[in-house]
Amino acid sequence: MDQIKSELQLQKRQFLVKNRKINDADFVKKLRSTVESIIRNRPHKIKIEDMTAIAKEFGIAIDEESTECQTGKQCAAAITAKIDNVLLFKKKQLPLQDEDWKKLAKLEKEECRLRKAGEKRIEDYKCQLQKEIKELREKQNKHDLTEAMKCFICAISNSNKERSFFLKWLKLKLDDKAREKLSDLRNQYKELCNADHLRENKIKITELDQQISNSSLGIEHFMREIGQIYEAAWAKGSHQQFQYLSSLGADLLLDGFPLELLDGDASNIPVRWVTDVLTKLHEKVQRKSRVLVVTVLGVQSTGKSTLLNTMFGVQFAVSSSRCTRGAFMLLIRVKEDLKEELNCDFILVIDTEGLKSPELAELEDSYEHDNELATLVIGLSDITIINVSMGNSIEMKDILQIVVHAFLRMKEVGKKPNCQFVHQNVGNVSAHDNNARDRKKLLQQLNAMIQVAARMEKLDPNIQFTDVVEYDPKHSNWYISGLWNGVTPMAPVNTGYSEAVYEFKKSLIEVLKSCNDQKPPAQITEFMEWVKSLWKAVKYENFIFSFKNSLVAEAYSNLCVEYGKWEWDFQKHMYNWLATAETRISNTKNKSSNLDEFLNRLQDELESQENTTLDKLTKYYESKDGHVNLVESYRATFEISIKTLRTEIENSVTNKLTAAIDFQKGMKKVHDAYGKHKAILEERVLKLLGDCRNINEGLSEEQLKKEFEKMWEETVKGLDFKDLEKRDIVSDVYNQLRKQLKTHAVSVNMVLNEATDLIEYGKTHFNVTDGHFDRAWYKKHLSDNMHLSTHPKEEAEAWVKSITEQCTAFVSHKKSSKTDYHETYTRELLDMLDVKLKEIKKLNTNTQFAVDLKLHICGFAAREFQQMHTHFIVVNDPRKHLENSRQQYCSDFTDLYHEKDQSLKKAEEFTERCLKPAVREYVNKALGIDIQDEMLTGADSVKYSTRSYFQHSILREFLEENHFNNFYFYCTDYEGFVKGWILNRIIDQFSNSKALSDLEVKRFEVITKKIQGAIEKEKNKTLTKSETIFMFVKNICSNLNSDIVISTDNLGLTLIQDKANTDEFTGYLQDCVNDMKKSLSAEFSQGCDIKKKLNSLPYKPQDELFKRVFGCGKLCPFCKVPCEAGGQDHKEHHASVHRPKGLGMYKYERSGKLVETICTSDVYSESTFQNSDTEWKFHPCKGYRKFYPDWNIAPDPSIEASDYWKYVLMKFNEKFAEVYEAKPADAPAEWRKITKERALKSINEVYNMK
């Protein structure tokens, strides 16, 4: 003490000494009074920041001395020096955040929700909203860049170091400016919120909340202003001059500063600003921007920001009460050593404002805001941290209800985030095992909540929380003690808090690593797409049915493209298998084919192909490419589609196999009888040959023919010819019809009993009468004056025309097959009718209609099938069949008599009469499938890859041609139009090139090579083993019995006995096959009538392509656009873009004008509709799924999405009105400004065609 006193020259009064006589309390009291006296009497006071000079004297280095720090401080001071009143400063210097921005945000939501349309027409109301939005943006654009914003932008444009110092200084100075005012307001807010009479204080709480918002001023407000400047400039089209702003935003993110994602004051996202900032960031990091997203959600003032700051070393704003609003995102670079494990470049952390308790939310009308916030950030997250306070379990439960709704919505759009619960302010952190009961109870609560949410969202009510979220009760719950040991502000920091957070962080990193197992981390550009689509869906409220994401759409489109390939592989394989099976059946002449044997093989083949296709689907999902996780919900649908495809192929092939085997059995009888007759004739021919040779005198040609004719007549007279049994096909068709309708009412049987002669039906046009409809429904329909559709009789007649054309084509196809009638044909026809009759149920047609239509179709079919059978009987008459070979036998007889070498002749006859027809049949049988394969794999294959691409191709072509008739037939007869369009495309592709002949030649060369191989194989055999020409040819046919059907009945080969002629015959045959190759190549190269050719093919590619792109054929119940959903058996129908109802023949009954509204607007508005399905009662358009549960009418992806059909309506308004017998639609004037280029752009964007 003495030494210190001496060195520092201190006096005795400057020492306070405590001895045993003075207790602690007295000593502290004395110490305090002394310090107070010194401070009070000290005349010179100095701020810490002004102690720079003194610090220099002592050699202490100070940050503030650096040039960068001083520059940053000056820039910050230049801004804050002008702030006297925060509210006035924000109005003058940050003008784009005033009420206009909030109004803009509300207008954008109203544009989606259309709640306040009232009596206004929806499309007019939408145009009005768009006009108001445009005016507000123009008003924003009138503001010049303020001085404060110029200073701010200039400062953040400096070097990284200067920018960092500037932002730190600005934050300190802004906090200092706002502290005094905000502190008082927050205290008042707390007192009112904690008061017993919460509802009575509603107005005061709302006012205080607004004052807190108005009095808050931080860096985020300046960045928000930049965002609004950018958005306004973009709306005006002058954003290029502000392009550098997005680059600055990206720099700030890369420097670790938070960027506002959701503006909490206006509850809106500046989508264009956020998008461009993230795009710039993606460019700045050389497109290495893979991110994993971590989000925290929880009740207000539960330490969410503190948790993130502690865990990641970041600096989210930490404040009590509800000052910080919205959601902020912050990028954390991943170190190189961790990049490989996490497989990402950045961790993107999203901090959110606290969710309010339901009571507070109701007072401030912010429950909707909290729902939007939760849905948005959970949708963006890979991991969602739910931060809950153990002090208020009731409030926690209420908040979790919001969270589970958000998780449920994510499941429906293909996302399954990981969920981690952090329980803060836990007394005994070490008691994790003791909390097992609480964890179990929490899971039970979550399961109950998710089931309630599922019922509200009209989803599976038996769903579990773990079905929608990656959640493990044991490892996904963390218990963390409070940050402070005691009561703030004097309480010390709890060191256990940081330790517990660190353990949680280590676990979180492991969870992030496991995220790669589900899907690889997305690039920041993909995150950007999710921001846009999630926010858009949130704005529509009805989230699940309105969600439409370009990434999901692309993933679904890719899946549909792949499925189309698998489907075609399956179909092509089974068609080739069937063709081989039919060939084998036709070549089985010595014994009847066994149907069961072929059906067993069919089952094996189907099982193999089904499993192969299912494996392709499984591998596709396991690949994790192309965002397959986003279409996980469609997996079951496509699995069902594969099984449905298998069933359809099985039914079709079974029917064809049955018919082929029955036909072969019938033909075997013909061949057996013909064989017996032929054997007798050949024996007589050889006997006559011997007799003639025994005559010493040589016989002339005339004499030989005379002897042959005499022998022929005598032999034929002695043969027992049994004609083929002629069946009554009309009766068979009638009996099958009767059998099918036997379960119907007595009245049906009475009608059938009266139909004594089925053949008299179907001769004239089918007339739809009033008696074909439900009487009560029809009467009410006609009397209703609000109906918007066409007359039911007209609709029914159009439908009848369509089904009649299909049935006629089916019957004609069967008739042209040159086979006998089979009962399966009628069965297929009736099944086709039943499927089609289901489509017309909405018109309430009665049983009488179904019976009359079936009688009409079956009457026509019965006549055609009877003719088919009669023709078959005539062609296969045994006597006629034998007579056809008369000249052949006569010629062979004379050649044998003159001992001519018949090798050349028989080789030519075998080639011309047997091989050439068989080759033509082979090529024709395969040509249809080759044409379809060319269409699906050629240059224009994308048009047929999915139904969406097909729609785009058609609509784009329409726009280029701009002919009214195209649009008219497309809208009124979609099925007929598509059939015609596909046929024309095939004709166009194969008429003006060698494409068709190339396909024919390719197939022809394949089979010719096989024929030549079979001949060479038998030729090599004859070198070691002698055989007759008859056996030689028979063996060749046997080798080819899986490829072509060769008939040698009329060749008379058994008459040739000379074995020495086989070698010569082989040589001649090889020459003849070469000649055939040349002649058929020339024939195929000549070209033909492609349309006639297509109609003659057994496999019609135009019909199969139609089935592929036409899909289910369902039309939107409102605007009649076709469904574009992929797969055979999808659960929901949807279309990429809908159109004004007037184009679907709807008109207002009172005014007679075409309806201009679009259902994508109606179903999200307060509009109502009525029709027969609602029993003519008005029903909200929003609730359309009550009557059409299998239709999902999503909102337009953008304002411009429906520009195409708006343009069409405006372009041909008068013409559509004329053909629909209506008045032109009264559409908004804005629609007339839509150009052809805008229309094309709209469908390119809707169908994602770059």
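This is a predicted model, so every value here is computed, not measured.

Asks: How should I be thinking about the overall build of the protein in this particular structure?
Replies: Assigned secondary structure in the protein consists of 49 helices and 10 strands. Out of the 1250 residues belonging to the protein, those deemed buried represent 51%. Accessible surface for the protein amounts to roughly 60800 Å². Of this, 49% is attributable to carbon and sulfur atoms.

Asks: Please clarify how the pattern of salt bridges should be interpreted in this entry.
Replies: Side-chain pairing between opposite charges can occur once the charged atoms of the two side chains come close. Scanning the model with the defined rule gives 59 salt bridges in all. One salt bridge connects E503 with K506, and the closest N-O pair in it is separated by 3.5 Å. Separated by 3 residues within a single helix, E503 and K506 lie in helix α21 (residues 495-518), roughly one turn from each other. For E503, a relative accessible area of 38% puts it in the partly exposed group. For R985, the salt bridge identified is with E957, shortest N-O distance 3.5 Å. Of this pair, R985 sits in helix α40 (residues 974-991) while E957 sits in helix α38 (residues 947-961), and the two are 28 residues apart along the sequence. Of the two residues, R985 and E957, neither departs from the other in class, the shared state being buried. What emerges from the salt-bridge pattern is a single network uniting R121, D124, K1153, E1156 and D1226.

Asks: Can you walk me through the UniProt feature "coiled-coil region" (unreviewed entry) in the protein in this structure?
Replies: According to UniProt, the positions carrying the feature "coiled-coil region" (unreviewed entry) are residues 115-149. What you have in residues 115-149 is 66% helix and 0% strand, and the ends, taken at the C-alpha atoms, are 37 Å apart.

Asks: How should a nonpolar patch on the surface be read in this particular structure?
Replies: Among the surface-exposed residues, I46, I48, M51, I54, F58 and I60 lie close enough to one another that they form a single nonpolar patch of about 640 Å² accessible area. Its location among the elements puts I54 in helix α3 (residues 52-57). Note on I54: relative accessible area 37%, which makes it partly exposed.

Asks: Explain the packing of α38 against helix α47 (residues 1203-1211) here, please?
Replies: Helix-helix packing is described using two parameters, namely the angle between the two axes and the distance between the axes. In contact at an axis separation of 12 Å, α38 and α47 are set at 35° when each is read in the N-to-C sense. Once α38 is placed against α47, the crossing between them reads as left-handed. Listed contacts from α47 to L955, F958 and L959 of α38 are Y1204, W1205 and Y1207. Counted by class, the contact of α38 with α47 contains 6 nonpolar, no polar and no charged residues.

Asks: Looking at this model, I keep getting lost on the packing of aromatic side chains. Mind explaining?
Replies: Geometrically, a pair of aromatic rings is defined through the distance of the ring centres and the angle of the planes. Evaluated as defined, the whole model comprises 48 aromatic pairs. Taken together, a centroid distance of 5.4 Å and an interplanar angle of 85° make the contact between Y970 and Y974 edge-to-face. For Y974, a relative accessible area of 6% gives the class buried. One Lys or Arg, R601, reaches over the ring of F598 and ends 5.1 Å from the middle of that ring. The lysine or arginine in question, R985, covers the ring of W981, its NZ or CZ lying 4.7 Å from the ring centre.

Asks: Help me understand the environment of K1153, please; the structure alone is not making it clear to me.
Replies: Here K1153 is to be found in the loop between α45 (1101-1110) and α46 (1159-1162). Residue contacts for K1153: discarding those within four places in its chain leaves K1147, Y1148, K1223, P1224 and D1226.

Asks: What is the right way to read the nonpolar core from this model?
Replies: Within soluble globular proteins, side chains that are nonpolar generally end up buried alongside one another. If you look at the biggest cluster of nonpolar residues, it comprises 100 residues, and the most contacted ones within it are F152, F222, M329, I350, F465 and F527. In terms of residues, this core owes the most to one element, helix α18 (residues 393-412), which gives 9 residues. Ignoring sequence-local partners within four residues, the contact set of F222 consists of I79, F89, L94, A148, M149, F152, L174 and L217. Ranked by size, the runner-up nonpolar core spans 61 residues in total, among them L927, M935, I986 and F1216.

Asks: Honestly, unusual backbone geometry in this entry has me stumped. Any pointers?
Replies: Excluding glycine, residues mostly carry a negative phi; peptide bonds, for their part, are mostly trans. Positive phi, close to 55°, is recorded for Q286, a residue that is not glycine. One can find Q286 in the loop between α13 (271-284) and β2 (290-298). At K1120, a position not held by glycine, the phi torsion is positive, near 70°. Among the structural elements, K1120 can be located in the loop between α45 and α46.

Asks: When you look at helix α31 (residues 792-815) in this model, what are you seeing that I'm missing?
Replies: Because the α-helix completes a turn every 3.6 residues, residues three or four places apart line up on one side. With 24 residues, α31 extends 34 Å from end C-alpha to end C-alpha; this agrees with the ideal 34 Å at 1.5 Å per step. The complete set of buried residues in α31 reads P792, A796, W799, V800, S802, I803, Q806, C807, F810, V811 and K814.

Asks: Would you mind showing me how to read helix α42 (residues 1029-1039) here?
Replies: For α42, the full list of buried residues reads I1029, F1032, V1033, I1036 and C1037. For α42, the arc enclosing every buried residue in end-on projection is 135°, short of the 170-degree limit, so these residues lie on one face.

Asks: Teacher, can you tell me more about the environment of R646 here?
Replies: Assignment of secondary structure puts R646 in helix α26 (residues 635-694). Residue R646 is classed as buried on the basis of its relative accessible area, which comes to 10%. A sequence separation of 76 residues divides R646 from F570, and the C-alpha atoms of the two residues are 8.5 Å apart. Those residues in contact with R646 that lie beyond four places of it in its chain are F570, Q603, L606, E607 and E610.

Asks: Is there a simple way to explain the side chain of S945 in this structure?
Replies: Structurally, S945 is set in helix α37 (residues 942-945). Of the polar contacts made by the side chain of S945, one reaches the backbone oxygen of V942; its length is 2.8 Å. Beyond its immediate chain neighbours, meaning those up to four positions away, S945 contacts C560, V561 and R1108.

Asks: Looking at this structure, I do not really get the pairing of strand β3 (residues 327-333). What am I missing?
Replies: The side chains of a regular strand alternate, residue by residue, between the two faces of the sheet. For β3, the buried fraction is high: 6 of the 7 residues fall into the buried class. One ladder, built from 3 bridges, connects strand β1 (residues 259-262) with β3; its direction is antiparallel. Residue L259 lies in a different strand from β3, and its bridge partner there is M329. Sheet topology places β3 next to strand β4 (residues 346-352); 7 bridges connect them, and they run antiparallel. Directly across from F328, in β4, lies its bridge partner D351.

Asks: Sorry if this is basic, but what is going on with the environment of V501 here?
Replies: Assignment of secondary structure puts V501 in helix α21. Residue V501 is classed as buried on the basis of its relative accessible area, which comes to 1%. Setting aside residues up to four positions removed in sequence, V501 forms contacts with L307, T310, M311 and I480.

Asks: Could you clarify how one ought to interpret the side chain of T384 in this entry?
Replies: Here T384 is to be found in strand β5 (residues 383-389). Its relative accessible area of 0% is what places T384 among the buried residues. With residues up to four places along the chain from it excluded, the contact list for T384 reads T295, L297, I378, F407, P417, N418, C419 and Q420.

Criteria and cut-off values
- Residues numbered from 1 in each chain as written.
- Predicted model: local features only at pLDDT ≥ 70, side-chain atom pairs only at ≥ 80, totals over all residues.
- Heavy atoms only, no water.
- Helix = DSSP H or I, 4+ residues; strand = E, 2+ residues; numbered from the N terminus.
- Buried < 20%, exposed > 50% of the residue type's maximum accessible area, 1.4 Å probe, protein only.
- Areas by Shrake-Rupley, 256 points an atom, 1.4 Å probe, with all protein chains shown as cover.
- Salt bridge = Lys/Arg side-chain N within 4 Å of Asp/Glu carboxyl O.
- UniProt positions renumbered as here; feature names shortened; annotations may be inferred.
- Patch = residues over 30% accessible without salt bridge, like charges linked within 9 Å, V, L, I, M, F, W, Y side chains within 5 Å.
- Axes fitted to C-alpha atoms, helices over the stretch in contact; angles between N-to-C directions.
- Left-handed = near helix turned anticlockwise from the far one by under 90°.
- Contact = heavy atoms within 4.5 Å.
- Nonpolar A, V, L, I, M, F, W, Y, C, P; charged D, E, K, R; others polar.
- Phe/Tyr/Trp six-rings, centres within 6.5 Å; stacked < 30°, edge-to-face > 60°.
- Lys NZ or Arg CZ within 6 Å of the ring centre and 35° of its normal.
- Core = buried A, V, L, I, M, F, W, Y, C linked by side-chain atoms within 4.5 Å.
- Expected span 1.5 Å × (residues − 1).
- Arc of directions from axis to C-beta.
- Polar contact = N/O pair within 3.5 Å; in protein donor to acceptor, adjacent residues only side chain to side chain.
- Pairing = 2+ DSSP bridges.

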